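Understanding the architecture of this molecule
Residues per chain are reported as follows:
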Amino acid sequence: MAGEFLKKLEIFAELSEAEANLYRSLTQTERTLNENQTLLTDGAPQSNLYVVKSGWFYSYAILPDGSRQVHGIFTAGDVIGTEHLSWGTSMSSVAAASDGVVYQIPVKAARQFLMDNPRLNAIFYALHMVHNGLLLDRITAVSRLGAYQKLAYFLADTLIRQNLILETETDILHLPLSQNFVADCLGLSSVHVSRQVGKLIKNGIIEKQGRYDFRVLDRDALLKLSDYTDRFADIASSNFDANFSSDHSKGEFG
């Protein structure tokens, strides 16, 4: 259980079997959601956080004109609701972009777990910080890049994050998402998204593979086009040290 989440944590530091089992002990309760079903409501009281087992989820806001702005995307192994460790209410709404399953973890149990295990607290915190970096990258891409580059960024990010949890890397992108959803992620119209997909195909960077899949034919071109930075690769090659003492780790999430 929680295999996808453990693979992401082990980018930062190797986990012992005992440490892995501690994490598994938190992920005993599963919750299944259908596409478009709400997981969290902005401002509502919350006593759980969630780890994605499968499917796509997203945080969002409804703008005054009725349109939807997508803030963040969560796929297998991602944590939803980390703010609940410090606040008792959700800071954004979260819904399922596809059918999916999440592990439901009581906040009280998660906080006690992190306080009792300083090294695992540090690794969890590092994962959270990398995702904050990815969010900032995404905001920059959506606000500064042209439509063609925005879509390239979205596909590059999806490919990198997808391969983090696979046993063997693949150039196949599985995207069980509507063009309307991708458009909301990028601040484009669905027609514009369709045009940019066609342009990427015409330029030999991707090709369609069935209804929901694409094959990336030129990964280097995709990354260069979007100026994508692989934050997970950066942290894997850094001098990250998870072996904090109890005194140093106090206050991270405890």
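Further up the page is the structure itself.
An account of the accompanying structure is given in this report. (Residues numbered from 1 in each chain as written. Predicted model: local features only at pLDDT ≥ 70, side-chain atom pairs only at ≥ 80, totals over all residues. Heavy atoms only, no water.)

**Considering the nonpolar core**
- One finds Tyr 23, Phe 154 and Leu 155 to be the most contacted residues of the largest nonpolar core, which totals 67 residues.
- Broken down by element, this core gets its largest block of residues, 11 residues, from helix H5 (residues 147-164).
- With residues near it in sequence (within four places) discarded, Phe 154 still touches Trp 56, Ile 73, Leu 175, Leu 177, Val 182, Cys 185 and Leu 186.
- Counting residues in hydrophobic clusters, the runner-up holds 11 residues, among them Leu 39, Leu 40, Tyr 50 and Phe 74. (Core = buried A, V, L, I, M, F, W, Y, C linked by side-chain atoms within 4.5 Å. Buried < 20%, exposed > 50% of the residue type's maximum accessible area, 1.4 Å probe, protein only. Helix = DSSP H or I, 4+ residues; strand = E, 2+ residues; numbered from the N terminus. Contact = heavy atoms within 4.5 Å.)

**Describing the packing of H5 against helix H7 (residues 190-202)**
- At a closest axis distance of 9 Å, the pairing of H5 and H7 adopts a crossing angle of 75°. Accordingly, the angle class assigned to the pair H5 and H7 is roughly perpendicular. Across the interface between the two elements, Ala 147, Tyr 148, Leu 151 and Leu 155 from H5 touch His 192, Val 193, Gln 196, Val 197, Lys 199 and Leu 200 from H7.
- Classifying every residue of the contact of H5 with H7 by side-chain character gives seven nonpolar, two polar and one charged. (Axes fitted to C-alpha atoms, helices over the stretch in contact; angles between N-to-C directions. Parallel < 35°, antiparallel > 145°, perpendicular 65-115°, else oblique. Nonpolar A, V, L, I, M, F, W, Y, C, P; charged D, E, K, R; others polar.)

**Quick notes on the packing of helix H4 (residues 118-144) against H5**
- Where H4 meets H5, the closest approach of the two axes is 9 Å, and the angle between their N-to-C directions is 160°. Judged by the inter-axis angle, H4 sits roughly antiparallel to H5. In the crossing of H4 with H5, the sense of the turn from one axis to the other is left-handed. Across from His 131, Leu 134, Asp 137, Arg 138, Ala 141 and Val 142 in H4, the residues of H5 making contact are Lys 150, Tyr 153, Asp 157 and Arg 161.
- Class assignment of the residues belonging to the contact of H4 with H5 gives a composition of four nonpolar, one polar and five charged. (Left-handed = near helix turned anticlockwise from the far one by under 90°.)

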